[in-house]
Amino acid sequence: GIFSTLLVYGFVQESIMTQDWGPNVKISSLFLVMCNRITSLSIAVLAILIRGETLKPVAPFQSYLLIAFANMMATTCQYEALRYVSFPTQTLGKT
């Protein structure tokens, strides 16, 4: 289940980052991260609303800023690394 999904997700990331999109066209890693986060946020909000839970955060908003920024930067670096190494190599390097 989850292993297969993450494997497919990784190979899709690699194909997006290494595909030839035409002359002088380069996919922006930050744009891909933004699309990923908007999709994840939408699914999370939908799940919360379906379960009837509150959208009010438990911790103060400022508590999330550092973690969110670090996660965004790490994901952006991950996408950029796919321009130079394959997904399996990257995964082995992270473990």
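Above: the structure in question.
Residues numbered from 1 in each chain as written. Predicted model: local features only at pLDDT ≥ 70, side-chain atom pairs only at ≥ 80, totals over all residues. Heavy atoms only, no water.

Caption draft 1: Representation of the pattern of salt bridges. All told, the structure shown has two salt bridges when counted by the stated rule. Close ionic contact of Glu53 with Arg51 constitutes a salt bridge, the shortest N to O distance being 3.3 Å. (Salt bridge = Lys/Arg side-chain N within 4 Å of Asp/Glu carboxyl O.)

Caption draft 2: Helix H2 (residues 29–51), seen in detail. Compared with the 33 Å implied by 1.5 Å per residue over 23 residues, the 33 Å span of H2 between its first and last C-alpha is a close match. For H2, the secondary structure elements touched by its buried residues are helix H1 (2–18) and helix H3 (61–81). A distance of 3.4 Å separates the backbone nitrogen of Leu30 from a side-chain oxygen at the start of H2, and that oxygen is part of Ser28. Count one or two residues on from H2 and you reach Gly52, which has phi positive near 75 degrees. (Helix = DSSP H or I, 4+ residues; strand = E, 2+ residues; numbered from the N terminus. Expected span 1.5 Å × (residues − 1). Contact = heavy atoms within 4.5 Å. Polar contact = N/O pair within 3.5 Å; in protein donor to acceptor, adjacent residues only side chain to side chain.)

Caption draft 3: A look at the nonpolar core. Judged by nonpolar contacts, Met17, Leu32, Val33, Tyr79, Leu82 and Phe87 together constitute the single largest core of six residues. When residues no more than four places from it in sequence are discounted, the contact partners of Met17 are Ile27, Ser29, Leu32, Tyr79, Glu80, Leu82 and Arg83. (Core = buried A, V, L, I, M, F, W, Y, C linked by side-chain atoms within 4.5 Å. Buried < 20%, exposed > 50% of the residue type's maximum accessible area, 1.4 Å probe, protein only.)

Caption draft 4: Molecular detail of the side chain of Asn36. Relative to the assigned elements, Asn36 resides in helix H2. Excluding residues that lie within four positions of it along the chain, Asn36 makes contacts with Tyr9 and Tyr79.

Caption draft 5: Representation of the packing of H2 against H3 in the model. Between H2 and H3, the least distance of the axes is 9 Å, while the angle of their chain directions is 125 degrees. Judged on the interaxial angle alone, H3 and H2 are oblique. Considering the relative orientation of H2 and H3, their crossing is right-handed. The segment H2 lies against H3, with Ser29, Leu30, Leu32, Val33, Asn36 and Arg37 engaging Asn71, Met72, Thr75, Thr76, Tyr79 and Glu80. A class-by-class count of the residues in the contact of H2 with H3 yields five nonpolar, five polar and two charged. (Axes fitted to C-alpha atoms, helices over the stretch in contact; angles between N-to-C directions. Parallel < 35°, antiparallel > 145°, perpendicular 65-115°, else oblique. Left-handed = near helix turned anticlockwise from the far one by under 90°. Nonpolar A, V, L, I, M, F, W, Y, C, P; charged D, E, K, R; others polar.)

Caption draft 6: Seen up close, the state of the cysteines. Following the criterion strictly, the structure yields zero disulfides and no others. No disulfide involves Cys35; its sulfur sits 18 Å from that of Cys77, the nearest cysteine. (Disulfide = S-S within 2.5 Å.)

Caption draft 7: Looking closely at the packing of H1 against H3. Packing of H1 against H3 brings their axes to within 9 Å, and their N-to-C directions diverge by 65 degrees. Of H3, the residues touching H1 (which contributes Tyr9, Gln13 and Met17) are Gln78, Tyr79 and Glu80. When the residues that make up the contact of H1 with H3 are grouped by side-chain class, the tally is three nonpolar, two polar and one charged.

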